[in-house]
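What follows is each chain in one-letter form.
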Amino acid sequence: MHTHEFTNIADRHAGPVSRRDVIRLGGATGLSLTLPALLRQQSRAADSGGTFGRARRMIMLYLHGGHPQQETFDPKPHGPSAVRGEFGAISTSLPGVQFSEMLPKCATLAHRMAVVRSMSHSNPNHVTACLPAQTGHTHPPGFKQTDFPPADTDFPPIGAVVDSLRPAPSHLPSWARIGPLMTRNNGTVLHGQLPGFLGARHAHFAVDQKLLGDDVQINAVQPATELSTIRISDRQNLLRQFDEQRRAIDEFAGAADLDSYYQRAFSLLSSPATRQAFDLAAEPKPLRETYGSTEFGQRCVLARRLIEAGVPIVNVSYCHTPRGSWDTHSNNFHSMKNSLGPTLDAAVHGLLTDLEHRGLLSDTLVVVNAEFGRTPAINKRAGRDHWPWVYSLAVAGAGIRPGTIYGASDNSAAYPAESPRTQGDFAATLYHLLGVAPDTDIHDQLNRPHHLITGTPIREILG
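Model, not experiment: these values are computed from the prediction.

Further remarks concern the confidence of the model for the protein. On average, the protein scores 85 in pLDDT, and the residues at 70 or more come to 79%. pLDDT under 50 marks residues 1–35. Its contacts with residues more than four places away, or in other chains, come to 63 contacts. Long-range and interchain partners of residues 244–256, a stretch whose pLDDT sits below 50, account for 6 contacts in this model, where long-range means more than four residues apart.

Tracing the chain through its elements places arginine 184 in the loop between β5 (175–178) and β6 (205–207). Engagement of the side chain of arginine 184 in a polar contact is seen with the side chain of aspartate 327, the distance being 3.3 Å.

Another point: the environment of leucine 355. If you trace the backbone, leucine 355 turns up in helix α14 (residues 332–357). Looking at leucine 355, the relative accessible area reads 0%, which means it is buried. Once the C-alpha coordinates of leucine 355 and valine 366 are considered, the two residues, 11 residues apart in sequence, prove to be 9.7 Å apart. Discounting residues that sit within four places of it in the chain, leucine 355 has contacts with Arg304, Ile307, Leu360, Leu361, Thr364 and Val366.

Attention now moves to the sheet that holds strand β7 (residues 313–317). Spatially, β6-β5-β7-β1-β8-β11-β4-β12 is the arrangement adopted by the 8 strands of the open sheet, whose pairing is mixed. If you trace the sheet from one side to the other, it starts and ends with β6 and β12 (404–406), each paired once. The average undirected angle you get between the axes of adjacent strands in this sheet is 15°. Relative to strand β11 (residues 391–397), strand β4 (residues 113–119) runs antiparallel, the two sharing 5 bridges. Bridging from a neighbouring strand, valine 116 pairs with leucine 393 of β11. Each of β1 (57–62), β5, β7 and β8 (364–369) touches helix α6 (residues 126–135); the most contacted strand, β1, lies at about 160° to it. Strands β1, β4, β8 and β11 of the sheet are contacted by α14, whose axis makes an angle of about 170° with β8.

All right, on to helix α7 (residues 158–165) then. Burial analysis of α7 places 7 of its 8 residues in the buried class, which makes it a mostly covered element. Listed in full, the buried residues belonging to α7 are Ile158, Gly159, Ala160, Val161, Val162, Asp163 and Leu165.

Assignment of secondary structure puts alanine 394 in strand β11. Taking C-alpha positions, alanine 394 is 7.2 Å from asparagine 369, a pair spaced 25 residues apart along the chain. If near-sequence neighbours (up to four positions away) are discounted, alanine 394 is found in contact with Phe73, Met113, Ala114, Val115, Val366, Val367 and Val368.

On to the pairing of β4. Sheet faces and side chains relate simply in a regular strand, where the side chains alternate between the two faces. Counted residue by residue, β4 has 7 buried out of 7 residues, so it is predominantly covered. With 3 bridges joining them, β4 and β12 adopt parallel strand pairing. The residue bridging alanine 114 from the neighbouring strand is threonine 404, located in β12.

What follows concerns the packing of aromatic side chains. The final tally for this structure, using the stated rule, is 8 aromatic pairs. Ring geometry for phenylalanine 73 versus phenylalanine 99: centroids 5.4 Å apart, planes at 85°, classification edge-to-face. With phenylalanine 73 in the loop between β1 and α4 (81–84) and phenylalanine 99 in strand β3 (residues 98–100), this residue pair connects regions lying 26 residues apart in the sequence. Classification of phenylalanine 99 by relative accessible area gives buried; the value is 1%. Seen from their ring centres, phenylalanine 205 and phenylalanine 278 are 5.4 Å apart, and the 55° between their planes marks the pair as tilted. Within this pair, whereas phenylalanine 205 is found in strand β6, its partner phenylalanine 278 is found in the loop between α11 (272–277) and α12 (285–290), the two being separated by 73 residues in sequence.

Interhelical geometry of α7 versus helix α15 (residues 423–434) gives an angle of 30° and a closest axis separation of 12 Å. Comparing the axis directions of α7 and α15 gives the class roughly parallel. Judged by the twist between their axes, the crossing of α7 over α15 is right-handed. Judged by residue contacts, Ile158, Val161 and Val162 of α7 engage Leu430, Tyr431 and Leu434 from α15. Residues of the contact of α7 with α15, tallied by class, amount to 6 nonpolar, no polar and no charged.

Scanning all chains against the criterion turns up 17 salt bridges. Of the charged contacts, one joins arginine 358 and glutamate 308 as a salt bridge, the two residues approaching to 3.4 Å between their closest N and O atoms. Within this pair, whereas arginine 358 is found in the loop between α14 and β8, its partner glutamate 308 is found in helix α13 (residues 295–309), the two being separated by 50 residues in sequence. With a relative accessible area of 37%, glutamate 308 lands in the partly exposed category. Residues participating in the shared-partner salt-bridge network are Glu283, Arg304, Arg305, Glu308, Asp354 and Arg358.

As a further point, take the pairing of β8. Burial analysis of β8 places 6 of its 6 residues in the buried class, the great majority of the element. Here β1 runs beside β8; their pairing, made up of 6 bridges, is parallel. Across the sheet, residue isoleucine 59 finds its bridge partner in β8, namely valine 366. Note that β8 and β11 share 4 bridges and pair antiparallel. Following the sheet pairing, leucine 365 is matched in β11 by glycine 397.

The next thing to look at is unusual backbone geometry. Not every positive phi belongs to a glycine, and serine 419 is a case in point at roughly 55°. Of note in this structure, asparagine 447 is not a glycine but carries a positive phi near 65°. Along the chain, asparagine 447 turns up in the loop between β15 (441–443) and β16 (449–451).

How each quantity is defined
- Residues numbered from 1 in each chain as written.
- Predicted model: local features only at pLDDT ≥ 70, side-chain atom pairs only at ≥ 80, totals over all residues.
- Heavy atoms only, no water.
- pLDDT = per-residue confidence, 0-100.
- Contact = heavy atoms within 4.5 Å.
- Helix = DSSP H or I, 4+ residues; strand = E, 2+ residues; numbered from the N terminus.
- Polar contact = N/O pair within 3.5 Å; in protein donor to acceptor, adjacent residues only side chain to side chain.
- Buried < 20%, exposed > 50% of the residue type's maximum accessible area, 1.4 Å probe, protein only.
- Pairing = 2+ DSSP bridges.
- Axes fitted to C-alpha atoms, helices over the stretch in contact; angles between N-to-C directions.
- Phe/Tyr/Trp six-rings, centres within 6.5 Å; stacked < 30°, edge-to-face > 60°.
- Parallel < 35°, antiparallel > 145°, perpendicular 65-115°, else oblique.
- Left-handed = near helix turned anticlockwise from the far one by under 90°.
- Nonpolar A, V, L, I, M, F, W, Y, C, P; charged D, E, K, R; others polar.
- Salt bridge = Lys/Arg side-chain N within 4 Å of Asp/Glu carboxyl O.

Pasting the structure below:
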């Protein structure tokens, strides 16, 4: 048994652990070796005000391309005219705090959110900057900041890690991705979306289709016409009959993963509970409209359905390629006014208010993430270019101290004025809230250990 298997027995018990819990859980496991892990869990919960493991679920909204901090969560209405942009700032539900006028609905929920305005790193490349944004780990020293495809040696994203540590019940995916796999125009897949060295059995369950429409059917959970539940069951039986012959094959790398993948696919496709969780058409039309009649808004509705059904991690991607994304090298203000701003504003507002109404926000973590922000300077095409040196991210829900603005950028939104934090710190914060111990190791397919968490949680935004 690996180190993380001991530590995460404690981590499956969400929230603070009392000494009575320690004794009860230790006895229930029947493993005396878990007692130190349980005591560490109790200590961590006490040290962090009880926020360790508060999040039972997480929805990560990823804004492919990088949203402009100036036109979202960190406006500079009194900054230099050359960098200020076309939009003003509006008051929020937090006294003295302003958001861009492009986010009027989100502004009414500022008291429910925490915004980090001092995220900072030095990689302006979309493809590779996405790896630390979704894993907390950078590429090895000396790599070139250019487009190159992901590798099976990459560090895995949070969804794959959670799937490896504590998978969901077999009838549900542990990690779902709603929306397309994000790429560049040249077809290169952005890093941090694939399971990396954890292998294919920890890949996401993909929903990549249009979701607008009253009677939308999720293709990913609809068996092909020739694959009825009976035939799926027959294929399972056939697979079992070949177990003896397959044992020899299992010695080859990846064979066991493939078998596990098939078994999980059978469970998913034959489960009525799965199809019910993915039944977006069952949502009342007026409720769906509160998220916005956009593909991104409807992805957020489906994400809420999945976490409500018990899926622990859901990633929602904004779009496929730079076309229509937040990569606004030209016409930044036109795109923000007519598409990007209203879409994000409605989707985030709809998601947070819906979760709160259902009593889910207290143990669901909602994250607005991206690889970087946009330049202070406005280029000749009325656009903003890549800018990783300072940008803003927003979080809400489980374990978050609501109404918190952490850090600050300078008057041009160009560099941190105080409290710079890295992508590793942000990932450490998410892992803390998800109840993953800071000393956790995960193992690749050759059983080599890799330390999971390298940053330090941003404790100032924890509740």
